[in-house]
Amino acid sequence: MSIDRPYVVVGAGVAGCVAARTLADGGRQVVVFEAGPGPGRPDELDRLDHLATAEADAWWFDDAPRRGRGSGGGSAVNGMVLDLIDPLDVSRWGWDDGAELERWVLDRWPHDVVTPGAFTEAFGQIASLGFPRTTPTAASSAKGWRPLSLGWRDGRRRSAADVFLGDDPSEHGIEVRYDASVDRMDAVGDAAPSVVLS
């Protein structure tokens, strides 16, 4: 299959969605090949009941541990907990823009804080005797307890595909081809003018 766009991204998982949108925001035309289903997703994946996601068989790879496939990858099937980058990791990696990255995530990824139920509040009162209550979007290594912040808004999951590709990826210069499993890309110099599908 010949490619008429200069940039090809294989996989519409979290990394693929971010890569495609980053390229597109830089003015590049992008085509994304995704082996799994899409666009959209079944109702089972928009429930807060995480166990219900197992009913959407086409959205899971048949391996262990189970991994998400399809538009959004793991973010289309996971528990939706929005954890930010650990500040300790930011310093270990030598990044100096951790605060900017945190703001970048929160500004783009719609999220709601889950209202704690009676049990969680009671647990929190006991836990707060030894651990402080932290913010819902605190890094996962923060000492304390907190309500969960989920990638969830208006009764719907917000996957990486929702956030970075949007309802109409073509508005951003992105073409997505679903059910397109890539076997190999034939390279000529620095370019890959053709893609061989499985």
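Residues numbered from 1 in each chain as written. Predicted model: local features only at pLDDT ≥ 70, side-chain atom pairs only at ≥ 80, totals over all residues. Heavy atoms only, no water.

A. Expanded view of the confidence of the model for the protein chain. Here the protein chain averages 79 in pLDDT, and 78% of its residues register 70 or above. No element of the protein chain has a lower mean pLDDT than strand 3 (residues 112–113), which averages 68, and none a higher one than strand 7 (residues 174–177), which averages 94. (pLDDT = per-residue confidence, 0-100. Helix = DSSP H or I, 4+ residues; strand = E, 2+ residues; numbered from the N terminus.)

B. The arrangement of the layout of surface pockets in detail. Of the voids in this model, the second largest pocket is the one considered here, and its volume is about 200 Å³. If you trace the second largest pocket, you find 15 residues lining it, with Pro-39, Gly-40, Ser-71, Asp-162 and Gly-166 closest to the centre. With three residues, helix 5 (residues 160–165) is the single largest residue contributor to the lining of the second largest pocket. Looking at side-chain class alone, the lining of the second largest pocket contains six nonpolar, four polar and five charged residues. (1 Å grid on protein atoms, 1.4 Å probe; cavity = no way out; pocket = protein on both sides within 12 Å on 5 of 7 lines; lining within 4 Å. Points joined across faces, edges and corners; volume = space filled by probe spheres on them. Nonpolar A, V, L, I, M, F, W, Y, C, P; charged D, E, K, R; others polar.)

C. Quick look at the environment of Gly-166. Looking at the element boundaries, Gly-166 is found in the loop between helix 5 and strand 7. Sequence spacing of Gly-166 and Arg-21 is 145 residues, and the spatial spacing of their C-alpha atoms is 9.7 Å.

D. View of the sheet that holds strand 7. The strand order 1-2-7 describes an open sheet built from three strands, whose pairing is parallel. Two strands close off the open sheet at either side, each with one partner strand: strand 1 (7–10) and strand 7. Geometrically, the sheet is characterised by an average inter-axis angle of 20° between neighbouring strands, direction not taken into account. Two strands pair when backbone bridges link them, and strand 2 (residues 30–33) and strand 7 are joined in this way by four bridges, in the parallel orientation. Its bridge partner lying in strand 7, Val-31 is registered against Glu-175. (Pairing = 2+ DSSP bridges. Axes fitted to C-alpha atoms, helices over the stretch in contact; angles between N-to-C directions.)

E. Spotlight on the nonpolar core. With 18 residues, the main nonpolar core has Cys-17, Ala-20, Val-32, Leu-165 and Ile-174 as its most contacted residues. Of all elements in the fold, only helix 1 (14–25), strand 2, helix 5 and strand 7 reach the threshold of two or more residues within this core. Looking at which element gives the most residues to this core, the answer is helix 5, with five residues. For Val-32, the residues in contact, after removing those within four places along its chain, are Val-9, Gly-11, Ala-12, Ala-20, Ile-174, Glu-175, Val-176 and Arg-177. Core analysis: the next-biggest nonpolar cluster, separate from the first, contains six residues, Ala-56, Trp-59, Ala-76 and Val-77 among them. (Core = buried A, V, L, I, M, F, W, Y, C linked by side-chain atoms within 4.5 Å. Buried < 20%, exposed > 50% of the residue type's maximum accessible area, 1.4 Å probe, protein only. Contact = heavy atoms within 4.5 Å.)

F. Structural context of the pattern of salt bridges. Across all of its chains, the model carries eight salt bridges by this definition. Between Asp-46 and Arg-156 there is a salt bridge, and its shortest N-O distance comes to 3.8 Å. Pair noted here: Asp-46 is in the loop between strand 2 and helix 2 (87–92) and Arg-156 is in strand 6 (residues 156–157), with a separation of 110 residues, a long-range link. Assessed through its relative accessible area of 17%, Asp-46 is described here as buried. For Arg-47, the salt bridge goes to Glu-55, with nearest N and O atoms at 3.9 Å. On the accessibility criterion, Glu-55 (49% relative accessible area) is partly exposed. The network of salt bridges with shared partners includes Arg-41, Asp-46, Arg-156 and Asp-162. (Salt bridge = Lys/Arg side-chain N within 4 Å of Asp/Glu carboxyl O.)

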